[in-house]
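Reading the structure
One-letter residues, chain by chain:
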Amino acid sequence: MKIHPSAVVSPAAHLADDVEIGPFCIVDSNVQIGAGSRLVAHATVRSGTIVGEATTIYEGAIVGGFPQHTSPPEEMGGLVIGARNTIREHVTLHRALHRGQNTTIGDDCLLMVGAHVAHDCHVGNHVILTNGAMLGGHVEVGNRACLGGNSAVHQFCRVGRLSMVGGCTKVVQDVPPFVLTDGATALIVGLNKVGLRRADFSRDEILSLKDAYRLIYREGLTFRETIAALRQRFPTGIAAEFADFFQGGNRGFTQERRSPPRAALRIHAIDEVADEVAEPAEASRPLSNAA
């Protein structure tokens, strides 16, 4: 165990033998830090926090902080961080509000500079929170989801697995799994094809997700009809996760952004252009819109 002389570590903290604590770090009592983990410098781990193996916490990060609540209870819950996580500079992770409950971070996550996870959130495995991403209280984030820089998720919302939330997106409703949202409009713009390929989904699996996506957003069904159709057409496999997701949550669901019909300039043959130059009156005709 390596503890810098300037660090303040409670004798009641439980540290694995090979943990490294850098300069000016603070580790409270009732803290557990797993094997191979490291606090780089100026990091704080508050009481009630469990840090898994091989996790690195960088400068200025505060993990296990008190919930930001107007009336926090006297006895709060905890924070449980899984293994092999990277928690970059000035990240803040808060404990659960109530005793016996935990805010949880899964395994193999990357929380970039300034990301914030509020009380009672549940973040899955292989999740990426880009710089400045913020999760309100009680948010759930599925495995392999990625939240873009400065995105903000309203409390009690869910972000489905393998979804990609664009930078600066304001998430106020649940984001289904496997989709991509646009930061400018906060609406869905298709499947997260890059994430699906990186996760090694087969061609057939991706095609089934495309079929399910068209059913959900293009067939004009009511919500109940959509659920029933998903259950009938996709009873098993990866696409079956859509119906399961839609039957949970209480904040509604993010809608698709559909581009409006666009005007198109008609390209003429050279002889037609020459004719129009010879007859200036033709130039006053309005351009037709392509269907």
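The text that follows walks through the structure, step by step, so that each part is easy to find.

Rules behind the numbers
Residues numbered from 1 in each chain as written. Predicted model: local features only at pLDDT ≥ 70, side-chain atom pairs only at ≥ 80, totals over all residues. Heavy atoms only, no water. Helix = DSSP H or I, 4+ residues; strand = E, 2+ residues; numbered from the N terminus. Buried < 20%, exposed > 50% of the residue type's maximum accessible area, 1.4 Å probe, protein only. Areas by Shrake-Rupley, 256 points an atom, 1.4 Å probe, with all protein chains shown as cover. Pairing = 2+ DSSP bridges. Contact = heavy atoms within 4.5 Å. Axes fitted to C-alpha atoms, helices over the stretch in contact; angles between N-to-C directions. Parallel < 35°, antiparallel > 145°, perpendicular 65-115°, else oblique. Left-handed = near helix turned anticlockwise from the far one by under 90°. Nonpolar A, V, L, I, M, F, W, Y, C, P; charged D, E, K, R; others polar. Salt bridge = Lys/Arg side-chain N within 4 Å of Asp/Glu carboxyl O. Expected span 1.5 Å × (residues − 1). Core = buried A, V, L, I, M, F, W, Y, C linked by side-chain atoms within 4.5 Å.

1. So, the overall build of the chain
The helix and strand tally for the chain stands at five helices and 28 strands. Classification of the 291 residues of the chain by burial places 45% in the buried group. Looking at the chain as shown, the accessible area adds up to about 15400 Å², and 51% of this sits on carbon and sulfur atoms.

2. Thoughts on the sheet that holds strand 13 (residues 86-87)
The mixed open sheet is built from eleven strands, whose spatial order is 1-4-7-10-13-16-19-22-25-27-28. Of all strands in the sheet, those bounded by a partner on one side alone are strand 1 (2-3) and strand 28 (188-191). Where strand 22 (residues 146-147) meets strand 25 (residues 164-165), two bridges bridge the pair, whose relative direction is parallel. Residue C146 lies in a different strand from strand 25, and its bridge partner there is M164. Each of strand 27 (179-181) and strand 28 touches helix 2 (residues 203-218); the most contacted strand, strand 28, lies at about 150 degrees to it.

3. Points about the packing of helix 2 against helix 3 (residues 223-233)
Remark: helix 2 packs on helix 3, axes separated minimally by 10 Å, with the N-to-C direction vectors making an angle of 160 degrees. Classified by the interaxial angle, the pair formed by helix 2 and helix 3 is roughly antiparallel. Both helix 2 and helix 3 take part in a crossing whose hand is right-handed. Here helix 2 contributes A212, L215 and I216 to the contact with helix 3, which in turn contributes T226, A229, L230 and R233. Tallied by class, the residues present in the contact of helix 2 with helix 3 amount to five nonpolar, one polar and one charged.

4. With respect to the sheet that holds strand 18 (residues 122-123)
Strand order in the open sheet formed by eight strands is 3-6-9-12-15-18-21-24, and the pairing between neighbours is parallel. The strands lining the two open edges of the sheet, one partner per strand, are strand 3 (14-15) and strand 24 (158-159).

5. Re the pattern of salt bridges
Scanning the model with the defined rule gives eleven salt bridges in all. Across the pair R88 and E89 runs a salt bridge whose closest N-O atoms are separated by 3.0 Å.

6. Looking at helix 2
At 3.6 residues per turn, the α-helix brings residues three or four places apart onto the same side. End to end, helix 2 covers 22 Å across 16 residues, agreeing with the expected 22 Å (1.5 Å per residue, within 8%). Looking at the packing, one finds that the buried side of helix 2 touches strand 27, strand 28, helix 1 (193-198), helix 3 and helix 4 (240-246). Immediately downstream of helix 2, the backbone of G220 shows phi near 70 degrees, a positive value.

7. A closer look at the nonpolar core
Counting 69 residues, the largest nonpolar core has L93 and L135 as its most contacted members. Only strand 6 (31-33), strand 12 (78-81), strand 28, helix 2, helix 3 and helix 4 provide two or more residues apiece to this core. Tallying contributions element by element places helix 2 first for this core, with seven residues. If near-sequence neighbours (up to four positions away) are discounted, L93 is found in contact with I62, V63, G64, G65, L79, I81, I87, I105, L111 and V117.

8. A closer look at the environment of G114
Here G114 lies in the loop between strand 16 (110-111) and strand 17 (116-117). Its relative accessible area of 32% is what places G114 among the partly exposed residues. For the pair formed by G114 and A133, sequence separation is 19 residues and the distance between their alpha carbons is 7.3 Å. Those residues within four positions of G114 in sequence are excluded, and the remaining contacts are E89, H90, V91, G132 and A133.

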